[in-house]
Amino acid sequence: MNILTANSPTAELQARDAAHHMHPFTTNADLASKGARVITRAEGCWLTDSDGHRILDAMAGLWCVNVGYGRKELADAAARQMQELPYYNTFFQTTHVPALNLAAKLAELAPGDLNHVFFACSGSEANDTNLRLVRTYWQEKGQPERQVIISRWNGYHGSSVGSGSLGGMKGMHAQGGMPIPGIHHIDQPHWWAEGGDMTPEDFGLARAQELEKAILEIGQDKVAAFIAEPIQGAGGVIVPPETYWPEIQRIVDKYGILLIADEVICGFGRTGKWFGSQTLDIRPDIMTIAKGLSSGYQPIGGSIVSDEIAKVIDATEFNHGYTYSGHPVACAVALENLRILDEEGIVTRVRTETAPYLKEKFESLTDHPLVGEAKIVGMMGSLALTPNKETRAPFQAEAGTVGYITRERCFANNLIMRHVGDRMIISPPLVISRDEIDTLIDRARLSLDEAHAQIE
Ligand code: PLP
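Residues numbered from 1 in each chain as written. Predicted model: local features only at pLDDT ≥ 70, side-chain atom pairs only at ≥ 80, totals over all residues.

Peer 1: Sorry if this is basic, but what is going on with the environment of Thr288 here?
Peer 2: Take Thr288: it is sitting in strand β9 (residues 286–289). C-alpha separation for the pair Thr288 and Gly372, spaced 84 residues apart in sequence, amounts to 32 Å. Once residues lying within four places of it in the same chain are set aside, the contact partners of Thr288 are Gly123, Ala126, Asn127, Asn130, Ile260, Asp262, Glu263, Val264 and Ser303. (Helix = DSSP H or I, 4+ residues; strand = E, 2+ residues; numbered from the N terminus. Contact = placed C-beta atoms within 7 Å.)

Put into structure tokens, the structure is as follows:
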């Protein structure tokens, strides 16, 4: 077989891709007929495809390239580590320098007494760890009947059987036997779509109180944990009403339920602080991390757990782990990535400079006839597309059609935005500049105009 390169003709790359490569979350037959867009290079916030287009990546890959593309320091950290110790495991009383340093750095950054890290290779694996971790915790505490984990419809926690079950994506549950038993879903705090005539504040409280109802129905002594993203990402960047999280925190405190904050998207500066839990004033017992931990340069995830949980788990043997838990190259890259975020003041700059600028520009899109609301926290935002801003009505066309059309117009205008149903979402690299924000908004507006013209 001849090995194709980034300089090979697009048609040849696409044909080979269609013949052998099965893509995640893609209608592969559709893709084969259209041909995949082949991304060949990237620098800062910009991708280059095999036809030479320069594309502004307003999604930071999959919400992960926080420091932007092309940071040589990260490549150097990987190369150094590969030469020194390319692999060793952390099972059976062994460790290595990158893993112990990264765990200590994460303990320094994480809020409260979250001081201990169990490594995985992805957010999905980390949430699978959490599932077993919280159940084992209660078992070791002498309360083995505490097994149920409460999560939310339209939450996203990963794609493995465990994490996909924790998630509340009905399309995923319909395939492959999910959810597994012992997981209970409650409704999401999605005021725009589900709030009816309620004020956002009342709706936020009502949705949080569903947690209390569920705990009482299931039995307080049977509930192990509640898991949620501080701000739902894959569900459509759903920023909860301000009343929501304080009420959730009150309820988990009252019933002694462990709180798992899934920080896979919200973590590492995306909301303008190191963790979404700090922005939303949440006190989790466990945080799931991945994505921005290495800015996507290496596959790595993990669970940061409290002193109390670590004490209980460390008193037994936790029969769990992945061959690549704490992979030395991934840890070395993540550590260097955290150094860049920290020393270059990227998180602070997001909070004080670029996110306020982006917010102003992003919210200006609500004057567009298709845009009902613009919600944004830090560097994650969404636009609700609607035919009627007053009633917040959905389109008559099948849900997602207008979102899809808009996303396609964005692609055509060399802007990567994603659609979740009829919500358009952004999550750009944290290093995006003011000029690039202007370009993002100009291209988004043009794409909205074109989509509007197309559906009229
Ligand atoms: N948790 C959240 C909040 C996510 O957004 C994702 C991925 O998008 C995951 C978990 C799963 O992470 P991964 O795709 O690395 O398995």
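Once you've had a look at it, read on.
Peer 1: Is there a simple way to think about the environment of Leu4 in this case?
Peer 2: Counting through the fold element by element, Leu4 comes out in the segment before α1 (10–20). Judged by the 15 C-beta atoms lying within 10 Å of it, Leu4 falls in the partly exposed class. For the pair Leu4 and Arg16, spaced 12 residues apart in sequence, the C-alpha to C-alpha distance is 9.2 Å. The residues touching Leu4, leaving out its near neighbours within four places in the chain, are Glu12, Leu13 and Arg16. (Buried ≥ 20, exposed ≤ 12 C-beta atoms within 10 Å, placed from the backbone.)

Peer 1: Where do I start with the site of the ligand in this structure?
Peer 2: Taken together, 17 residues form the shell around the ligand, and within it Ser122, Gly123, Ser124, Gly158 and Val264 come nearest. Of the residues forming the shell around the ligand, the biggest block, three residues, is contributed by helix α6 (residues 123–140). A class-by-class count of the residues in the shell around the ligand yields six nonpolar, nine polar and two charged. (Near = placed C-beta within 6 Å. Nonpolar A, V, L, I, M, F, W, Y, C, P; charged D, E, K, R; others polar.)

Peer 1: Would you mind going over the sheet that holds strand β11 (residues 371–377) with me for this structure?
Peer 2: The strands making up a sheet are joined through hydrogen bonds of the backbone, oriented either antiparallel or parallel. Taken in spatial order, the four strands make up an open sheet running β11-β12-β15-β14, and their pairing is antiparallel. A strand with exactly one partner marks an edge of an open sheet, and here the two such strands are β11 and β14 (418–420). Adjacent strand axes in the sheet meet at a mean angle of 25° when their direction is disregarded. Sheet topology places β14 next to strand β15 (residues 423–426); three bridges connect them, and they run antiparallel. Bridge pairing in β15 links Arg418 to Ile425. Packed on one face of the sheet, helix α16 (residues 401–412) meets β12 (380–385), β14 and β15 and runs near 180° to β14. (Pairing = 2+ DSSP bridges. Axes fitted to C-alpha atoms, helices over the stretch in contact; angles between N-to-C directions.)

Peer 1: Would you take a moment to explain the packing of helix α10 (residues 200–218) against helix α11 (residues 244–255) for this structure?
Peer 2: The packing of two helices is summarised by the inter-axis angle and the distance between the axes. For the pair α10 and α11, the least separation of the axes is 8 Å and the interaxial angle reads 15°. Taken together, the axes of α10 and α11 lie roughly parallel to each other. Between α10 and α11 lies a crossing of right-handed hand. Taking contact as the criterion, the partners of Gly204, Leu205, Arg207, Ala208, Gln209, Leu211, Glu212 and Ile215 in α10 are, on α11, Tyr244, Glu247, Ile248, Ile251 and Tyr255. Counted by class, the contact of α10 with α11 contains eight nonpolar, two polar and three charged residues. (Parallel < 35°, antiparallel > 145°, perpendicular 65-115°, else oblique. Left-handed = near helix turned anticlockwise from the far one by under 90°.)

Peer 1: Explain the sheet that holds β9 to me, please; I cannot follow it from the model alone.
Peer 2: If you trace the seven strands from one edge of the open sheet to the other, you get β4-β10-β9-β8-β7-β5-β6, paired in mixed fashion. Lying at the two open borders of the sheet, with one neighbouring strand each, are β4 (114–120) and β6 (183–186). Here the average twist between neighbouring strands, direction ignored, is 20°. Direction of pairing for β9 relative to strand β10 (residues 301–306): antiparallel, over a ladder of four bridges. Bridged to Met287 within β10 is Ile304.

Peer 1: What am I meant to see in the confidence of the model for the chain here?
Peer 2: Reading predicted coordinates in detail is not appropriate for stretches of low pLDDT. Averaged over every residue, the pLDDT of the chain is 97; residues scoring 70 or more account for 100%. Two summary scores accompany this predicted model of the complex, namely pTM at 0.98 and ipTM at 1.00. (pLDDT = per-residue confidence, 0-100.)

Peer 1: Can you walk me through the pairing of strand β1 (residues 39–43) in this structure?
Peer 2: Each regular strand displays side chains that alternate between the two surfaces of the sheet. Sheet topology places β1 next to strand β2 (residues 46–49); four bridges connect them, and they run antiparallel. Paired with Ile39 across the two strands is Asp49, which belongs to β2. Hairpin connection between β1 and β2: a loop of two residues separates the two successive antiparallel strands, and Gly44 in this loop has a positive phi of roughly 60°.

Peer 1: Would you explain the pairing of strand β5 (residues 148–152) in this entry?
Peer 2: Counting buried positions along β5 gives five out of five residues, so the element sits mostly inside the fold. Of the two faces of β5, the one carrying Val148, Ile150 and Arg152 and the one carrying Ile149 and Ser151 are both buried. Pairing of β5 with strand β7 (residues 223–228) involves three bridges; the strand directions are parallel. Opposite Ile149, over in β7, you have Ala225 as the bridge partner. Two elements, β5 and β6, share four bridges in a ladder whose sense is parallel. When the sheet's bridge partners are listed, Ser151 is paired in β6 with His185.

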